[in-house]
Amino acid sequence: MTGLPRKGSKYEIFIEGSARQRKSSREKQEVVKEISVTVVITGVAGFIGFHVAQALLAHHYRVIGVDNLVPYYDPTLKKGRLELLRRHKNFIFKEIDVSLAENVKAMDPYKKDVRFIIHLAAQPGVRYSMVNPYSYVTANVMGQLVMLEWARTLPGLLHFLYASSSSVYGLNTELPYEESNRVDQPASLYAATKRSAELVSSSYYHIYGLPLTGLRFFTVYGPWGRPDMAYYMFANCIREGKPITLYKGKNLSRDFTYIDDVVLAILSIVKKSEEKPAGFQPRAILNIGNHKREAVTDLVHLLETNLGKKAKINYKDRPVADMEYTFASIKAMEDDYGWSPTVGLSEGIASFVSWYIYFY
Ligand SMILES: CC(=O)N[C@H]1[C@@H](OP(=O)(O)OP(=O)(O)OC[C@H]2O[C@@H](n3ccc(=O)[nH]c3=O)[C@H](O)[C@@H]2O)O[C@H](CO)[C@@H](O)[C@@H]1O
């Protein structure tokens, strides 16, 4: 398994389409032209960064990938993702921590070429923010500021996209969550740092007019995923015959978003920003979700079916930092970019499990 998309998926057709394009020499020239579009991806060895980088490289972008390779989870995953990325000739990797301003000087030689920044480097994990709080402010707020400061020195920047999170909706009870909802009641420090990053960005838009969009991701899952997330932890426990911890609550549910849909969302934003349609103003914030609220117990059943093994379950009270439910309105993404998700939870979990079985 290479981490490439499911057979027949929209994302795969994208990549196959690109491969076909390489055939004629005239089109080869176009490819060479396209290579000049340089994208910086921070957190490139992370789950979402890796998939976005692969897709952009398949589309002949040049990717300057940045990551500090922090061992928050099993480093073999980050190393494996990087190994795949390094096979592309248009991939350049810098091992740096972007929460220190002096480190980003390593990217200065590419300044004039950079058209996009996709800033995904962060300290993730809702529950871990109670264990190691300082790392969240450093990575998620300072890191944001450093990247914004660097971004404003770029002469040809078209769009700065950055990762926010559905967790900013916090204790909000209005469903589905809309970008215009109140977001001043974070349930976790993690959410507070993600909201802070949005506010810092908003000030940079106001002062410097930087083209900025924060993407509020809703529980993204899939092959090469993050082992601190429930679907992955549950899979590990089921495989090893250990009990999973399921939080109590009849409304415990998530809007689960499959990675291919997230990649397509980002590609559609990048493409439109390159086209620069007259009068089009990118929004400051966009939800990236599946627009389906699914019970966490359904996730467990799907994993059991695909792994062919029953889960042993320990029920526990939900930690206060954990939201009970999430549900995304995706109207803004549909209206602005014609994007809508295509992969349901059962199909997505089947894809995840086939990668998982191969990987382990
Ligand atoms: C670990 C983590 O923070 N993951 C991400 C996840 O949070 P999010 O909490 O949505 O995702 P998880 O995969 O951690 O949890 C999914 C669901 O499983 C439940 N659950 C989790 C663990 C467990 O042992 N038992 C259990 O029942 C949770 O309460 C939740 O309802 O999506 C957010 C965006 O939407 C991201 O910003 C977060 O980085």
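Since this is a predicted model, take the numbers as computed values, not measurements. (Residues numbered from 1 in each chain as written. Predicted model: local features only at pLDDT ≥ 70, side-chain atom pairs only at ≥ 80, totals over all residues. Heavy atoms only, no water.)

### As for the overall build of the protein chain
- Along the backbone of the protein chain there are 11 helices and 13 strands.
- In terms of overall size, the protein chain behaves like a compact globule, its C-alpha atoms giving a radius of gyration of 20 Å where 360 residues would be expected to give roughly 21 Å.
- For the protein chain, the C-alpha atoms occupy an extent of roughly 55 × 45 × 40 Å along the three principal directions.
- For the protein chain, buried positions account for 54% of its 360 residues.
- The contacts in the protein chain between residues at least 6 apart in sequence include a share of 83% that link residues at least 24 apart.
- Per element, the accessible surface of the protein chain, about 15900 Å² overall, is 54% carbon and sulfur.
- Counting 45 positive and 36 negative side-chain charges, the protein chain places the centres of these two groups 3 Å from one another. (Helix = DSSP H or I, 4+ residues; strand = E, 2+ residues; numbered from the N terminus. Rg over C-alpha atoms; globule rule 2.2 N^0.38 Å. Buried < 20%, exposed > 50% of the residue type's maximum accessible area, 1.4 Å probe, protein only. Contact = heavy atoms within 4.5 Å. Areas by Shrake-Rupley, 256 points an atom, 1.4 Å probe, with all protein chains shown as cover. Lys, Arg positive; Asp, Glu negative; His and termini not counted. Charge placed at Lys NZ, Arg CZ, Asp CG, Glu CD.)

### Comments concerning the UniProt feature "domain: NAD-dependent epimerase/dehydratase" (unreviewed entry) in the protein chain
- The UniProt entry lists residues 39-279 under the feature "domain: NAD-dependent epimerase/dehydratase" (unreviewed entry), expressed in the numbering used here.
- Between the end C-alpha atoms of residues 39-279 the distance is 24 Å, and the span holds 37% helix and 19% strand. (UniProt positions renumbered as here; feature names shortened; annotations may be inferred.)

### Some thoughts on helix α5 (residues 133-151)
- Counted at 1.5 Å a residue, the expected span for α5 with its 19 residues is 27 Å, and the 27 Å between its end C-alpha atoms agrees.
- For α5, the principal kink sits at Met 142 and spans about 30°.
- Considered for burial, the residues of α5 that qualify are Ser 135, Tyr 136, Asn 140, Gly 143, Gln 144, Val 146, Met 147, Leu 148, Trp 150 and Ala 151.
- The elements touched by buried residues of α5 are β1 (38-42), β4 (114-119), β5 (159-165), α6 (189-208) and β6 (212-217). (Expected span 1.5 Å × (residues − 1). Bend = angle between axes of the 7 residues up to and from the residue.)

### Side note on the site of the ligand
- Around the ligand, the structure places 22 residues, and the nearest of them are Val 126, Ser 166, Tyr 190, Arg 254 and Asp 322.
- Within the backbone of Thr 245, an N or O atom sits 2.7 Å from a nitrogen atom of the ligand.
- Here an oxygen atom of the ligand and a side-chain polar atom of Arg 254 are 2.6 Å apart.
- About the coverage of the ligand: the protein hides 95% of its 720 Å² of free accessible area.
- Only α7 (230-240) and β8 (243-247) provide two or more residues apiece to the shell around the ligand. (Near = heavy atom within 4 Å. Polar contact = N/O pair within 3.5 Å; in protein donor to acceptor, adjacent residues only side chain to side chain.)

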